[in-house]
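So the chains spell out like this:
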Amino acid sequence: MSAASCLLTEDQLLCSICLDVFTDPVSTPCGHNFCKTCITEHWNIDVLCQCPNCKRVFSTRPELQVNTLVCEMAAQFRQSAQQNASSSSSEQQVSKPGEVPCDVCTGTKLKALKSCLVCLASYCETHLEPHRTKSGLKRHQLMDPVEDLEARMCTKHDKLLELFCKTDQMCVCLLCSVTDHKTHNVVPLREESEGKKAELRKTEADIQQMIQERRLKIEEVRRSVELSKKDADRETADGVQVFRALKASVERSQTEFMEAITEKQRKTEKQAEGFIKELEQEISELTQRSTEVEQLSQSEDHLLLLQSFPSMNAAPPTKDWTEVSVRPPSYEGTVRRALNELEETLSEQMKKLFEAELKRVQQYAADVTLDPDTANPWLILSDDGKQVCDSDVKKNLPDNPERFNYCLNVLAKQSFSSGRFYFEVQVKGKTDWDVGVAKESINRKGTIRLNPQKGYWIICLRNENEYKALADTPVCLSLKSQPEKVGVFVDYEEGLVSFYDVDAAALLYSFSGCCFTEKLHPYFSPCHINKGKNSAPLIISAVSHAE
């Protein structure tokens, strides 16, 4: 800008009506300058013909004179502003999709820096400058750039939405608060916003808590997958080892079996070869004697015939082959013996597997105690809740809903509705007993049928040596030995209930494919005392982890 342009300040180059740089500036008789269009429209609307600045009233509309100096200064100011805008626009960001563009920019739209709630427009850095420097524009309310500023105006009164009606839960303008919402609880937007911010902070805290919980759940799921993979790898390794051992055992048994058959056949062939060799030797000797006898019988030498007759008249000495024979060897039992050896190997491998399996399930050992509120009145429970046996005396106990009033049963205090658990029960010295788990909603009154359909997963002993799994159709268990301690393992999600002979490390029976939908309680029945024959108690044992 030239030195002459410094005669006027930047504020003096703005029209006080449109607040923009003069366009066709004219002067009033009182000496104030306005855009020709602005002052003309102002006087067309206003009843009085007065100066907008000094309020001087003119009796007749004065003739407006073009202010040449101000016109020149405004033109130079515009040119300088355009050059500055062009220079700064290269440094500013061009508006991208989803960003608020400047409403003043022509051509390429720059990214808006602020939106004005008075002007209802958004401005880039360059076009926002007047709002930062001009006294009239500094009072305007600026905010972060937003689209659709019209939505911030009251559609009824065309006023800025500055208040919030708590009664109707809506934003209103100043005129709304004294008309439609006159009797309502109306507060400034800032006040209501602060309250809502507090609620949002709580919501944010709740959301963060939910996020944290889900992150923890993700870690839990990942840990479960890792544990599952470790279990799968271990089970695979154990299985591969077992099958390799079985394969080697089968191959070894097959080799031994074939060698045994081959050896018997070899001995038979060797014996036969010996007999054949002897027979062939005797045939050769007899053939030779036959030839000699024939020749002698045809001889004309009477003296020779008579001299040789004694030695030639008898057959040469030979072996008596009447009782001699080659008997085929007996192969009966060879395959069976090989299979028996294979079965022994399989049993050894199975024992190793069950030992490993028992060791794993014992890791889920739970502390189980008997619940006296469920015990039949004929039963005697130890003070520590670890032993139960039948008696000859019925106790006077309240018949509460939890108590078994007919069957000699008792449940544990503990219940399980997820995961895995394990416990052990000593059954040594008993002739009859029941052990297992039962769901919480089972019938506890009168005669009870024990099977999964009724909510019981049980194995039992009857008459000293009859072991059964009480499935919907009872399954008789063929056991190599009588268990003295029974382990019970439950995998709730897997739907599995397994019973083990703890000392023999053998699987007794498994209920699989069960569908558990409620709490499960360990279940015990010492059965009737049977004149003292079955007086030994059932004892919940502390789990001693298998080595």
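Look up a bit, the structure's there.
Predicted model only: the values in this text are computed from it and were never measured. (Residues numbered from 1 in each chain as written. Predicted model: local features only at pLDDT ≥ 70, side-chain atom pairs only at ≥ 80, totals over all residues. Heavy atoms only, no water.)

**Concerning the overall build of the protein**
Argument step 1. The helix and strand inventory of the protein stands at eight helices and 22 strands.
Argument step 2. Dimensions of the protein, computed from the C-alpha atoms along their principal axes, are close to 195 × 100 × 35 Å.
Argument step 3. Restricting the contact set of the protein to residue pairs at least 6 apart, pairs at least 24 apart contribute 56%.
Argument step 4. When the accessible surface of the protein is split by element, carbon and sulfur atoms take 52% of a total near 34500 Å².
Argument step 5. Each charge class in the protein can be summarised by its mean position, and for the 68 positive and 82 negative side chains these summaries are 8 Å apart. (Helix = DSSP H or I, 4+ residues; strand = E, 2+ residues; numbered from the N terminus. Contact = heavy atoms within 4.5 Å. Areas by Shrake-Rupley, 256 points an atom, 1.4 Å probe, with all protein chains shown as cover. Lys, Arg positive; Asp, Glu negative; His and termini not counted. Charge placed at Lys NZ, Arg CZ, Asp CG, Glu CD.)

**A closer look at the pairing of strand 19 (residues 496-501)**
Argument step 1. Burial of strand 19 is extensive: five of the six residues sit out of reach of the surface.
Argument step 2. Note: strand 18 (residues 485-491) against strand 19, six bridges, orientation antiparallel. Bridge assignment links valine 488 to a residue of strand 19, and that residue is phenylalanine 499.
Argument step 3. Between the antiparallel neighbours strand 18 and strand 19 lie four residues, among them glycine 495 with a positive phi of about 70 degrees.
Argument step 4. Two strands pair when backbone bridges link them, and strand 19 and strand 20 (residues 506-511) are joined in this way by five bridges, in the antiparallel orientation. Bridging from a neighbouring strand, valine 497 pairs with phenylalanine 511 of strand 20. (Buried < 20%, exposed > 50% of the residue type's maximum accessible area, 1.4 Å probe, protein only. Pairing = 2+ DSSP bridges.)

**Observations concerning the sheet that holds strand 7 (residues 163-165)**
Argument step 1. With antiparallel pairing, three strands are arranged side by side in an open sheet as 8-7-9. This sheet does not close on itself; its edge strands, each paired only once, are strand 8 (170-172) and strand 9 (186-188). Strand-to-strand twist in this sheet, taken as the mean axis angle between neighbours without regard to direction, amounts to 35 degrees.
Argument step 2. One ladder, built from three bridges, connects strand 7 with strand 9; its direction is antiparallel. (Axes fitted to C-alpha atoms, helices over the stretch in contact; angles between N-to-C directions.)

**Quick look at the packing of aromatic side chains**
Argument step 1. The final tally for this structure, using the stated rule, is eleven aromatic pairs.
Argument step 2. A centroid spacing of 6.1 Å and a plane angle of 75 degrees characterise the contact between phenylalanine 499 and phenylalanine 511, whose relative ring orientation is edge-to-face. Of this pair, phenylalanine 499 sits in strand 19 while phenylalanine 511 is found in strand 20, placing the two residues twelve residues apart along the sequence.
Argument step 3. Of the residues examined, phenylalanine 499 reaches a relative accessible area of 0% and is grouped as buried.
Argument step 4. The class of phenylalanine 511 is buried, set by a relative accessible area of 5%.
Argument step 5. Linked through ring pairs, Trp457, Tyr492 and Phe516 together constitute an aromatic cluster. (Phe/Tyr/Trp six-rings, centres within 6.5 Å; stacked < 30°, edge-to-face > 60°.)

**Section: the side chain of glutamate 192**
Argument step 1. As for its position among the elements, glutamate 192 is in helix 6 (residues 189-297).
Argument step 2. A relative accessible area of 8% places glutamate 192 in the buried class.

**Here's the deal with the pairing of strand 11 (residues 387-390)**
Argument step 1. Sheet topology note: the strand 10 (residues 379-381)/strand 11 ladder contains three bridges and is antiparallel. Looking at the pairing, leucine 381 lines up with valine 388 of strand 11.
Argument step 2. Linkage of strand 10 to strand 11, two consecutive antiparallel strands, is achieved through a turn of five residues, within which glycine 385 is found at a positive phi near 70 degrees.
Argument step 3. Bridge analysis of strand 11 against strand 22 (residues 538-541) gives two bridges, and the strand direction is antiparallel. Paired with valine 388 across the bridge in strand 22 is leucine 538.

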